[in-house]
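# Architecture at a glance
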Amino acid sequence: MKFVENVKPDVTTDIVYMMCPMHLLKLEEQMKELDQGQILEIMTDYDGALEDIPAWCEKTGNEFLGMEETDDFFKFYIKKTAR
Amino acid sequence: MKKYYFDHVATNPLHPDVLEAMMPYFKEEFGNPLSIYEYGSKAKNAIEEAREKVAALINSKPAEIIFTANGAEANNFALRGIALAKQNEGKHIIVSRMEHHSILNSARFLEKSGFVVTYLPVDKKGFVSPDAVRKAITKETVLISVTHGSSEVGTIEPLKEIVKVAKEKKIIVHTDAVATTGNIPVDVKDLGVDLLSIAAHQFYGPKGAGALYVKQGMRIVPLIYGGIQESGRRAGTENVPAIVGMGKAAEMAKAELQMRMDYLKPLRDRIINTLTEEKNVFLTGDRENRLPGHVSFCVEFIEGEAMLLLLAAKGIFSASGSACSSKALKASPVLLAMGVPAGLAQGSIVFSLGMGNTSEDIDYLLKEFPAVISRLREISPFAQGWGDKDGGESCTVKK
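Residues numbered from 1 in each chain as written. Chains lettered and ligands numbered in written order. Predicted model: local features only at pLDDT ≥ 70, side-chain atom pairs only at ≥ 80, totals over all residues.

### Describing the overall build of chain B
When its secondary structure is counted, chain B shows 13 helices and 12 strands. What you see for chain B is a C-alpha radius of gyration of 22 Å, in line with the 21 Å of a compact globule of 399 residues. Dimensions along the principal axes, computed over C-alpha positions, put chain B at roughly 70 × 55 × 30 Å. Each of the 399 residues in chain B was classed as buried or not, and the buried ones make up 53%. When contacts within chain B are restricted to residue pairs at least 6 apart in sequence, long-range pairs at least 24 apart make up 74% of them. (Helix = DSSP H or I, 4+ residues; strand = E, 2+ residues; numbered from the N terminus. Rg over C-alpha atoms; globule rule 2.2 N^0.38 Å. Buried ≥ 20, exposed ≤ 12 C-beta atoms within 10 Å, placed from the backbone. Contact = placed C-beta atoms within 7 Å.)

### Examining the sheet that holds strand β10 (residues 294-299) of chain B
All names here are of chain B. The 3 strands lie next to each other as β9-β10-β12, forming an open sheet whose pairing is antiparallel. The outermost strands of the open sheet, each flanked by one partner alone, are β9 (281-283) and β12 (348-352). Adjacent strand axes in the sheet meet at a mean angle of 30 degrees when their direction is disregarded. In this structure, β10 lies alongside β12, joined through 5 bridges in antiparallel fashion. Its bridge partner lying in β12, His294 is registered against Ser352. Strand contacts of helix α9 (residues 240-275): β9, β10 and β12, with the helix running at about 20 degrees to β10, the strand carrying the most contacts. (Pairing = 2+ DSSP bridges. Axes fitted to C-alpha atoms, helices over the stretch in contact; angles between N-to-C directions.)

### Overview of the sheet that holds strand β7 (residues 195-199) of chain B
Residues and elements named next belong to chain B. Taken in spatial order, the 7 strands make up an open sheet running β2-β8-β7-β6-β5-β3-β4, and their pairing is mixed. Across the chains shown, the open sheet's two edge strands, defined by having one partner strand only, are β2 (65-68) and β4 (116-120). The mean angle between the axes of side-by-side strands here comes to 20 degrees, regardless of whether they run parallel or antiparallel. Sheet analysis places strand β6 (residues 172-176) next to β7, joined by 3 bridges and oriented parallel. Paired with His174 across the strands is Leu195, a residue of β7.

### Overview of the interface of chain A and chain B
Listed by partner, the interface residues are 10 residues for chain A and 15 residues for chain B. By residue class, the composition of the side of chain A that touches chain B is 7 nonpolar, no polar and 3 charged. (Nonpolar A, V, L, I, M, F, W, Y, C, P; charged D, E, K, R; others polar.)

### Regarding the packing of helix α10 (residues 304-313) of chain B against helix α13 (residues 359-379) of chain B
Residue and element names in this part refer to chain B. The N-to-C vectors of α10 and α13 enclose an angle of 125 degrees; their axes lie 10 Å apart at closest approach. Comparing the axis directions of α10 and α13 gives the class oblique. For the pair α10 and α13, the crossing hand works out as right-handed. Facing Ala306, Met307, Leu310 and Leu311 of α10, the residues of α13 in contact are Val372, Arg375 and Leu376. Of the residues belonging to the contact of α10 with α13, the class tally is 6 nonpolar, no polar and 1 charged. (Parallel < 35°, antiparallel > 145°, perpendicular 65-115°, else oblique. Left-handed = near helix turned anticlockwise from the far one by under 90°.)

### Observations regarding the confidence of the model for chain B
Residue and element names in this part refer to chain B. Looking at chain B as a whole, its pLDDT mean stands at 93, while 93% of the residues score no less than 70. This stretch, residues 387-399, has a pLDDT under 50; its non-local contacts, to residues over four places away or in other chains, come to 31 contacts. This prediction of the complex comes with two scores: 0.91 for pTM and 0.81 for ipTM. (pLDDT = per-residue confidence, 0-100.)

### Some details on the pairing of β4 of chain B
Residues and elements named next belong to chain B. Where strand β3 (residues 92-96) and β4 come together, 5 bridges link them in parallel fashion. Residue pairing across strands places Ser96 opposite Leu120, the latter belonging to β4. Chirality of the crossover, the property in question, places the unit of β3, helix α4 (residues 101-112) and β4 among those that are right-handed. (Right-handed = clockwise from strand over helix to strand, strands pointing away.)

### Observations concerning the nonpolar core
Residues and elements named next belong to chain B. Of all hydrophobic cores here, the largest spans 138 residues; its most connected members are Ile82 and Ile93. Among the elements that line this core, the one with the most residues is α9, at 14 residues. Here this core spans two domains, since at least three of its residues come from each of domain 1 (4-10 + 258-379) and domain 2 (16-253). When neighbours within four sequence positions are excluded, Ile93 is seen to be in contact with Ala83, Ala107, Leu110, Phe115, Val117, Val142 and Leu143. (Core = buried A, V, L, I, M, F, W, Y, C linked by C-beta atoms within 7 Å. Domains from an automatic or database assignment.)

Here it is as structure tokens:
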């Protein structure tokens, strides 16, 4: 896993405590809204996202920048690179 | 024999228009809202439409409404969901002694799980004082839950002032608005609360549908795990007909709210004015800040259960204490918290009116109820008093 610090996101989505697969549904929904090159931050406590989000990025051709871990949840950073 | 239903805090009859709106979702529109084909999308759209109507009733955004099975689930969800989501910031919760069992027992569960709970005292009329809230707040406090209105004594709490105190310390506030929503104006923005519980059957909607308003951006740990229904916050296949019914009932309540209040208040006041003239009958709760169709008394030297039985024999249906504790043979904790002596609290009776009640119904009640009191007094071993003569001191209306 790639860890990052101090990434400045353009959009943040808080889905902490929301059930699986909200992390993939929200990710898809939010990425549609973003412009090319913008960064999305997703906050979630769901550990399945550790695999799913990088895999989703690979599949869709978006850049997975990395993640940051806090006491309670994870923050994932994704840059929109796919058209 | 004609039946006189005066127990609308227990539940209301379903409005015929609500039933009509629900019917297609029992029959042809039976789809699961998560299904991606037509049956599913129709059910999904029906739920979203209901969400908009419920949101409009309390002036929230549709996305801030999470449907639940009932008010008790909404209350459990609020208390446990917020306590667990905020436990790293503190483990202290404040609730009032006016609360329904679904709040009190959730609080007790949290106590067993390591939280500390403060139970706020109330005054003789059942008011929670904002100052008591201020004094109860500690650095550990993460949630305050105070009911909007009591179904037991009808008192409407000074919620805005309580929220103001809580917000000085940035503490989350939940309110159980089951008794008030659809009966008096409820506006989440005006009240300033973060979470608010509703039940459809309190405003002529069906049983099996409730909702929790959760202010946008608030994290809450789910009570029921599973799929992504209700944005991943409340799993389980939705009760589509009941939710549709709740939406329709909310729409009607919003349109008719003032008319309903104007209809019920004079009926209520007639009962209060007449029966407080009776000897040893005391109004419980506040006279002015009171639910529109709500009348509650304590009758000295008589047991509530006995009154219920004799009234039922006359076709009059009412409640004693809180609607659900009339079977638990003990004095109501709410009345005791208000300082009503235990003996007097045994004689509690609640008449709660609805749109089906007429002025003639009230005539009948006002004729029969004093007769029931007289009959029971004749056979009461306590008719001469309880010995300590403490009755009535703490009640709000004393002759």
